[in-house]
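# Structure at a glance
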Amino acid sequence: MTRAVVVGATGQIGRVAVGALARDGWEVTAVSRGGERDGDWPEDVRVVRADREDDTALSAAVGDGCDVLVDMVAFGEGHARQLVRLAGRVGSAVVISSMSVYEDDKGRNFDTQAEPDGFPEYPVPITEEQRTVRPGDTSYPTRKIALERELLAAGDRLPVTLLRAGAVHGPYCRTPRELYFVKRVLDGRRRRVLAYGGASRFHPVSVHNIAELVRLAAPRPGTRVLNAVDPDAPTVAEIAAAIDAVMGFEAEDVLVDGPPPAEGVGDTPWSVPTPVVCDMTAAERQLGYRPVVRYAETLPETVAFLEERLAGRDWREAYPKMPRAYGDLFDYAAEDTWLAARRG
């Protein structure tokens, strides 16, 4: 039996990854700020309460050493250096990054998307060889690539697998994109406006597929960068229809060519003017990876979790980060006004 330490163990990805490693024979130490235990974990998972911002606490959680440290919440150069300082006691690391680090050949990326003609036009699919943003501390993508660069530079001391995750889905997400359609169903909205003809593709990844990548990378130390996405990249219209099917609901799509026709109308968390789709060949070749689930297969557990969390609560209370991330997702008055004008 070998030892694994999982930092951010009670987050969306961590809960599933801890279980996957434990069931695969690892002696797992689950580290989180609250020190909670997930009910689905095997009983022999060791739970430790520690804030990863506290170097002393994290060092104590690692203890005499571990074969692999899995970090779900590393962000920026500071966290990278913190991990590298543990190199003498850690055999290798698996660290979650993001596909948001990519930029297109004209230098456009997720940070420039609000600018005129600022949304990137990526090749389809995006491989790990695609150029990336410059490291910095100004935004999520620049801090993620700063994390990557710092860890890769220390790969001779601490072998690291970096997983560039797509749009993560599953229970316990703090900003679940599926909320957009689940709440509309709960509110009885029979028509939905979808920009870009409902054809937007923003590659998702299930927590179960990320956990499988973690499980495969853990016993295979090496310094590598791998995409982490589901086997399929459904369009936003296909996602809406799949959620309808899970919830036993029927709604009509009102498709709009081009961008959202008015503020608060037709824009979803997946709505992008050009596809963002990643390639998984490298993970298949280097780790022998095969996906364990497809997007639609995981929707029942995601929808059930959302329904339970929304029960009797305002969506802003249930998911306070969503308005900051996406604005007012449910401006039904604006939508009804636009639909009425369109019918007129």
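Here the structure is shown first, and the text comes after it.
The structure reproduced in this document is the subject of the present report. (Residues numbered from 1 in each chain as written. Predicted model: local features only at pLDDT ≥ 70, side-chain atom pairs only at ≥ 80, totals over all residues. Heavy atoms only, no water.)

Moving on to the environment of Glu-27. With respect to the secondary-structure elements, Glu-27 resides in strand 2 (residues 27–32). Counting along the chain gives 25 residues from Glu-27 to Thr-2, while the straight-line C-alpha distance between them is 5.8 Å. (Helix = DSSP H or I, 4+ residues; strand = E, 2+ residues; numbered from the N terminus.)

What follows concerns the pattern of salt bridges. Inspection of every chain in the model, using the stated rule, returns 21 salt bridges. Linking Arg-184 and Glu-335 is a salt bridge whose minimum nitrogen-to-oxygen distance equals 2.9 Å. Note that Arg-184 is positioned in helix 5 (residues 179–186) and Glu-335 in helix 12 (residues 332–343), a separation of 151 residues in sequence. Of the residues examined, Glu-335 reaches a relative accessible area of 2% and is grouped as buried. The shortest N-O distance in the salt bridge between Arg-192 and Asp-244 comes to 2.8 Å. One end of the pair, Arg-192, is in strand 8 (residues 191–194); the other, Asp-244, is in helix 7 (residues 236–247), with 52 residues separating them in the sequence. Asp-244 shares its class with Arg-192; the two are buried. The structure contains a network of salt bridges with shared partners spanning Arg-184, Arg-189, Glu-335 and Asp-336. (Salt bridge = Lys/Arg side-chain N within 4 Å of Asp/Glu carboxyl O. Buried < 20%, exposed > 50% of the residue type's maximum accessible area, 1.4 Å probe, protein only.)

Here we have 7 strands laid out as an open sheet, ordered 3-2-1-4-5-6-10, and parallel in their pairing. Looking at strand neighbours, the two that pair on one side only are strand 3 (46–49) and strand 10 (224–228), the edges of this open sheet. Neighbour-to-neighbour, the strand axes of the sheet open up by a mean angle of 20°, direction not taken into account. Contacts from helix 1 (residues 12–23) reach strand 1 (3–7), strand 2, strand 4 (66–71) and strand 5 (90–98) within the one sheet, and its direction differs from that of strand 2 by about 165°. Set on the sheet, helix 6 (residues 207–217) makes contact with strand 4, strand 5, strand 6 (160–165) and strand 10; between it and strand 6 the angle comes to about 170°. (Pairing = 2+ DSSP bridges. Axes fitted to C-alpha atoms, helices over the stretch in contact; angles between N-to-C directions. Contact = heavy atoms within 4.5 Å.)

Take unusual backbone geometry next. When glycine is set aside, most residues are seen to have a negative phi, and most peptide bonds are trans. A cis amide bond links Val-124 with the next residue in sequence, Pro-125, at an omega value of 0°. Looking at the element boundaries, Pro-125 is found in the loop between strand 5 and helix 4 (140–153). A positive phi is found at Asp-117, a non-glycine position, where the angle reads about 55°. Looking at the element boundaries, Asp-117 is found in the loop between strand 5 and helix 4. Asp-117 gets classed as exposed once you look at its relative accessible area, which sits at 62%.

Okay, the packing of aromatic side chains next. In the structure shown here, the tally under the stated rule is 10 aromatic pairs. Here Phe-181 and Trp-270 contribute two aromatic rings whose centre-to-centre distance is 5.7 Å and whose plane-to-plane angle is 10°, an arrangement assigned as stacked. Taken together, the residues span a long stretch of sequence, with Phe-181 in helix 5 and Trp-270 in the loop between strand 11 (252–255) and helix 8 (281–287) at a distance of 89 residues. Taken individually, Phe-181 and Trp-270 each receive the classification buried, so the pair is uniform in this respect. Considering the side-chain rings of Trp-315 and Phe-330, the 5.0 Å spacing of their centres and the 80° angle between planes classify their relative orientation as edge-to-face. Highlighted residues: Trp-315 in helix 10 (residues 315–318) and Phe-330 in the loop between helix 11 (321–326) and helix 12, separated in sequence by 15 residues. (Phe/Tyr/Trp six-rings, centres within 6.5 Å; stacked < 30°, edge-to-face > 60°.)

In this section: the nonpolar core. Judged by nonpolar contacts, the single largest core of 78 residues is most densely connected at Leu-21, Leu-163, Phe-181 and Ile-210. Those residues in contact with Phe-181 that lie beyond four places of it in its chain are Arg-192, Leu-194, Val-236, Ile-239, Ala-240, Ile-243, Thr-268 and Trp-270. Val-48, Ala-74, Leu-151 and Leu-158 belong to the second largest nonpolar core, which has 26 residues in total. (Core = buried A, V, L, I, M, F, W, Y, C linked by side-chain atoms within 4.5 Å.)

Our next topic: the packing of helix 5 against helix 9 (residues 295–310). Viewed as axis vectors pointing N to C, helix 5 and helix 9 meet at an angle of 60°, and their least axial separation amounts to 10 Å. Judged on the interaxial angle alone, helix 9 and helix 5 are oblique. Every pair of crossing elements has a handedness; the one defined by helix 5 and helix 9 is right-handed. Facing Leu-179, Val-182 and Leu-186 of helix 5, the residues of helix 9 in contact are Val-303, Leu-306, Glu-307 and Leu-310. Across the contact of helix 5 with helix 9, the residue classes break down as 6 nonpolar, no polar and 1 charged. (Parallel < 35°, antiparallel > 145°, perpendicular 65-115°, else oblique. Left-handed = near helix turned anticlockwise from the far one by under 90°. Nonpolar A, V, L, I, M, F, W, Y, C, P; charged D, E, K, R; others polar.)

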